[in-house]
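Structural overview
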There are 4 protein chains.
Amino acid sequence: MALNGKHSPVKEAVSRRIAESLRSKILSGSLQPGQRIRQEILAEEFGASRLPVRAALSILESDGLVTLVPTPAHGR
Amino acid sequence: MALNGKHSPVKEAVSRRIAESLRSKILSGSLQPGQRIRQEILAEEFGASRLPVRAALSILESDGLVTLVPTPAHGR
Amino acid sequence: MALNGKHSPVKEAVSRRIAESLRSKILSGSLQPGQRIRQEILAEEFGASRLPVRAALSILESDGLVTLVPTPAHGR
Amino acid sequence: MALNGKHSPVKEAVSRRIAESLRSKILSGSLQPGQRIRQEILAEEFGASRLPVRAALSILESDGLVTLVPTPAHGR
DNA sequence: GTGGTCTAGACCACA
DNA sequence: GTGGTCTAGACCACT
């Protein structure tokens, strides 16, 4: 029952919003296995900062929908 | 022999040891992008359980050396 | 009675349950900034171990609802 | 033995550099308990992105030098 | 089978 | 004492 005065509860919903969207894309096959997920890109697509994006990925990792893999090409 | 028994002053952390090892392998190119990392294998190699292995991956993720991707599908 | 016994389809996660609860308390102002959070207490309140509690805090950190600060010194 | 060609090994040292710096400040008392740590500020101070900052904080958390506390004032 | 998650129990360092 | 960390063992969902 958080009030709107100082901090909008809307903000936290963002992470779940992003999570749900990604969930759909993954389950529907839009996002292939091994497919890089650019946090910055996602952030921009959802008009959010990278914080909720990270939160969303955390959630999806909990669901086993995303996994950690090496990213040697960090020069790219 | 389930307990640790010893510690270093303020810098124990099996996870960091594992993280450093993986870091080297990634930077040296031993681990390719999208390369599956068998957590159990790593755990055995380091004589540790899976917990510190996951912790190590988290650290590397913070460093941008590993990335979250749609569940790579085990067999591929 | 150490085992879980049951699960929800694809969205279990004791950690998320805890995270949501804490999220509410923070947004509602029940938890003040810099307020110590006793992990053991939380664990007991939720009938869980300390592991999911820490996981929940991680999630909230991704959401920017909790922050890392220099070890608050227990007694203060 | 990472080569300098594509990715500079210097980059990862950054997180440790930051970690060591913060460690000193905390132990010397420059950073008080409960003191907020602004990841963005740190990032700028070290001329780095927020990724190595997060990595540094992860390391310090492993050392028990920083802890997670609520940040209700996210409207500030 | 593999990853992700959790319990329960135990240890150390710091305050 | 408290937090942070680890082991060992076990369960489920998805591939």
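Residues numbered from 1 in each chain as written. Chains lettered and ligands numbered in written order. Predicted model: local features only at pLDDT ≥ 70, side-chain atom pairs only at ≥ 80, totals over all residues. Heavy atoms only, no water.

1. A short note on the relation of the copies chain C and chain D
Its rotation angle being 171 degrees, the transformation that places chain C on chain D also includes 0.7 Å of axial translation and leaves an RMSD of 0.6 Å. By residue overlap, the copies meet face to face through one surface: 86% of the interface positions of chain C are interface positions in chain D. (Least-squares fit on C-alpha atoms with pLDDT ≥ 70 in both. Contact = heavy atoms within 4.5 Å.)

2. Details of the side chain of C:Thr67
The topology assignment puts C:Thr67 in strand 1 (residues 66-70). Among all residues touching C:Thr67, those that are not within four sequence positions of it are D:Arg36, D:Ile37, D:Thr67, D:Leu68, D:Val69 and D:Thr71. (Helix = DSSP H or I, 4+ residues; strand = E, 2+ residues; numbered from the N terminus.)

3. Examining the pattern of salt bridges
Where charged atoms of side chains with opposite charge meet at close range, the side chains can pair. Throughout the structure, instances matching the rule amount to 20 salt bridges over all chains. C:Glu20 serves as the salt-bridge partner of A:Arg16, at 3.4 Å between the closest nitrogen and oxygen. Of this pair, A:Arg16 sits in helix 1 (residues 10-28) while C:Glu20 is found in helix 1 (residues 14-28), placing the two residues in two different chains. Since its relative accessible area comes to 36%, A:Arg16 is described here as partly exposed. Using a relative accessible area of 25% as the deciding quantity, one classes C:Glu20 as partly exposed. The salt bridge partner of B:Glu61 is A:Arg54, with a shortest N-O separation of 3.5 Å. Within this pair, whereas B:Glu61 is found in helix 3 (residues 50-62), its partner A:Arg54 is found in helix 3 (residues 50-62), the two belonging to separate chains. Taken as a pair, B:Glu61 and A:Arg54 share a single burial class, namely buried. If you follow the salt bridges from partner to partner, you end up with A:Arg16, C:Glu20, C:Arg23 and C:Asp63 in one network. (Salt bridge = Lys/Arg side-chain N within 4 Å of Asp/Glu carboxyl O. Buried < 20%, exposed > 50% of the residue type's maximum accessible area, 1.4 Å probe, protein only.)

4. Notes on the interface of chain C and chain D
Contacts between the two partners involve 22 residues from chain C, matched on the other side by 22 residues from chain D. Roughly 2000 Å² of surface becomes buried between chain C and chain D when both sides are summed, with 66% attributable to carbon and sulfur atoms. Contact with chain D buries surface across chain C, with C:Thr67, C:Leu68 and C:Pro70 losing the most and accounting together for 34% of the total. Taken together, the links from chain C to chain D amount to two salt bridges. At the boundary of chain C and chain D, one finds four residue pairs in polar contact (both at pLDDT 80 or more). (Buried area = accessible area lost by both parts, 1.4 Å probe. Polar contact = N/O pair within 3.5 Å; in protein donor to acceptor, adjacent residues only side chain to side chain.)

5. Quick look at the confidence of the model for chain A
Within chain A, residue pLDDT values average 76, and 72% of them lie at 70 or more. The low-confidence segment residues 1-6 of chain A, where pLDDT is below 50, has six contacts with residues more than four positions distant or belonging to other chains. (pLDDT = per-residue confidence, 0-100.)

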